[in-house]
Amino acid sequence: MSAVSTTDERALVRNLLADHAVAGAEDFGRFVNDSRYFDTSSFDSKAATPVLIEVLPRLTDPGVIETVALHLKNPAARPAAFGALHTSFLTWGVARRGRVGWQLGEALVNAAPLRETPLILEIATDRAYGMNRQQVVLGLPRFRRAPETERALRELIHDTDVAQQAMYALRRVIGPQLTVEELEGVRRAHPDTTLARLARHEIRKISRTLRRQDAVASASPLDDDTLSLDSVSA
């Protein structure tokens, strides 16, 4: 991983944005959850996207990289930001401290075009990236048309770092009934472990949802008594 720069990269990015006449450049990195800034931000993420894409691979300050990743989740960054995000994730995705890798992963999967499915799956299944893969795995249903996606998710539900996200994603890809069968397999394969507890929790959630759906499906808008009364009234 690159060494953290002694340069004030946040100021550097703000200056670049100002040079490109991006509205609200001075608000770069000032989010509503920052208690110092409660005013509405005037920062134009869409207009800033080309500048942020260009500068991202050159940044070495994890805090600034995380801020850029947050801004590159906007729709205008799709798919133009994929290359820069991918390059940065390969470097910072192994970071165990902070959220820079996690944020890059979320921005990456949001920006990824379908043709990049192999690269996304390569990251999702690489344990070296640990929990920084969580948002990547959660976004895999976007790539469900590739048969490799389902196979990857069936493996990832056995991976503690991303199991919860993989269980949710698998449900969206193969449906609840088949997912329950897979989760029962997780319980059998990993008894008395975190994986087994996660699987039981997801099975209970899916079962409740299925029971509600069955109840709605079995409820007729007009039962026999109502039909009989209607007939008498007529």
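For the structure itself, consult the block above.
Since this is a predicted model, take the numbers as computed values, not measurements.

(A) Region of the structure containing the packing of helix α1 (residues 9-19) against helix α3 (residues 62-71). Where α1 contacts α3, the axes come no closer than 9 Å and their chain directions differ by 40°. Relative to α3, the element α1 is oriented oblique. In this structure, α1 contributes E9, R10 and V13 to the contact, and α3 contributes G63, V64 and T67.

(B) Geometry of helix α9 (residues 163-174). Its 12 residues place the ends of α9 16 Å apart at the C-alpha level, agreeing with the 16 Å of an ideal helix rising 1.5 Å per residue. All of the buried residues along α9 are A163, Q165, A166, M167, A169, L170, V173 and I174. Next to the buried residues of α9 lie α7 (134-138), α8 (147-156), α10 (176-189) and α11 (194-218). Trailing α9 by a residue or two, G175 shows a phi angle of about 95°, which is positive.

(C) The pattern of salt bridges, seen in detail. The tally for this structure, following the rule as stated, stands at nine salt bridges. We note a salt bridge from K73 to E106, for which the minimum N-O separation is 2.7 Å. Of the two residues, K73 sits in the loop between α3 and α4 (82-92) while E106 sits in helix α5 (residues 100-111), which places them 33 residues apart along the sequence. Under the relative-accessibility criterion, K73 is labelled partly exposed at 22%. A salt bridge links R151 to E148, with the nearest nitrogen and oxygen atoms 3.9 Å apart. You can see R151 and its partner E148 sitting in helix α8, three residues apart, about one turn around the helix.

(D) Structural context of the environment of A166. Looking at where A166 falls in the secondary structure, it is placed in helix α9. Put simply, A166 and Q135 are 31 residues apart on the chain and 9.7 Å apart in space, counted from C-alpha to C-alpha. Not counting chain neighbours up to four residues away, the residues in contact with A166 comprise V137, L153, L156 and I157.

(E) How the structure looks around the packing of aromatic side chains. What the rule picks out here adds up to two aromatic pairs. The side chain of R99 reaches across the aromatic face of W102, ending 4.4 Å from its centre.

(F) Spatial organisation of the environment of V13. Structurally, the position occupied by V13 is in helix α1. Excluding anything up to four places from it in sequence, V13 contacts F28, L52, V55, L59 and V64.

Calculation criteria
Residues numbered from 1 in each chain as written. Predicted model: local features only at pLDDT ≥ 70, side-chain atom pairs only at ≥ 80, totals over all residues. Heavy atoms only, no water. Axes fitted to C-alpha atoms, helices over the stretch in contact; angles between N-to-C directions. Helix = DSSP H or I, 4+ residues; strand = E, 2+ residues; numbered from the N terminus. Parallel < 35°, antiparallel > 145°, perpendicular 65-115°, else oblique. Contact = heavy atoms within 4.5 Å. Expected span 1.5 Å × (residues − 1). Buried < 20%, exposed > 50% of the residue type's maximum accessible area, 1.4 Å probe, protein only. Salt bridge = Lys/Arg side-chain N within 4 Å of Asp/Glu carboxyl O. Phe/Tyr/Trp six-rings, centres within 6.5 Å; stacked < 30°, edge-to-face > 60°. Lys NZ or Arg CZ within 6 Å of the ring centre and 35° of its normal.

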